[in-house]
Amino acid sequence: MKTDPSERTGTGDGPRRYLVVANLTVGGEQLAATIERRLRTGPCTFHVVVPASADPHTMTWTEEEALRSARRRLDQVVSVLRAIRADVSGEVGDWTPMLAVADALRTRRFDEIIVVTLPPGPSRWIRLDLPRRIALRFGLPVGLVQVAA
C-alpha cells in the first residue's frame, strides 16, 4: 500500500529532509501549503535547488545573467519558506534539473524530493517526465507540486 509521503514520520533520528527543486515556480501558495503540511508531520528541513537557467522572457542571456536570475528566484523561495517558519537552505544548481538534483544528492541525504512545476501544458518539466525520471534514477519518493502559471 502506498503512503502519502507527507504523512510519514522521519526514518531514524532527526528531522525528515526534503529536497525542493523549483525553477520558475519558486513562489506560490501551492508550495507554501505543501511545506506547511510537511511541517505539521514533525521536525523537517528543506533544501531548495534552483537550476541556473535564465528568465524565459529573455531571448538571449549569458551564464552570469542565468546565475543572477536563478539566485533571485532562490532568494524568493527561501524568503517564502522562512516566513512560514521552515528550516530552509538553498543553492543555485546546474541548469539541467536532473544534474542539479544529482549534485545536491552528492553532498546531502534526503528522505523525499519535491518537484515544483507549472501545470501540464506550460510545464516543460512535465513534458520531459522529470518527476518520474528523478524517482527512477535516485530511488527516492518524489512529490509533485503544480503551481498556477
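Structure first, text after, so check above.
Predicted, not measured: the structure shown is a model, and the values here were computed from it.

S.K.: Account for helix 1 (residues 29-40), naming residues and giving values.
M.R.: Between its first and last C-alpha, helix 1 extends 16 Å over 12 residues, near the 16 Å set by a 1.5 Å rise per residue. What helix 1 keeps buried is the set Leu31, Ala32, Thr34, Ile35 and Arg38. Looking straight down helix 1, one finds its buried side chains confined to an arc of 160 degrees; they lie on one side. Exposed positions of helix 1 whose direction lies more than 90 degrees from the buried face are Glu29 and Arg40. On its buried face, helix 1 is in contact with strand 1 (16-22), strand 2 (44-51), helix 2 (63-83), strand 4 (112-117) and strand 5 (142-146). Two residues or fewer after helix 1 comes Gly42, characterised by a positive phi angle close to 140 degrees.

S.K.: Lay out the packing of aromatic side chains in plain terms, naming residues and giving numbers.
M.R.: Counted according to the given criterion, the structure contains one aromatic pair. With 5.2 Å between their ring centres and 15 degrees between their planes, Tyr18 and Phe46 make a pair best called stacked. Here Phe46 lies in strand 2 and Tyr18 lies in strand 1, a separation of 28 residues in the sequence. Take Tyr18: its relative accessible area is 0%, and that puts it in the buried class.

What counts, and where the lines are drawn
Residues numbered from 1 in each chain as written. Predicted model: local features only at pLDDT ≥ 70, side-chain atom pairs only at ≥ 80, totals over all residues. Heavy atoms only, no water. Helix = DSSP H or I, 4+ residues; strand = E, 2+ residues; numbered from the N terminus. Expected span 1.5 Å × (residues − 1). Buried < 20%, exposed > 50% of the residue type's maximum accessible area, 1.4 Å probe, protein only. Arc of directions from axis to C-beta. Contact = heavy atoms within 4.5 Å. Phe/Tyr/Trp six-rings, centres within 6.5 Å; stacked < 30°, edge-to-face > 60°.

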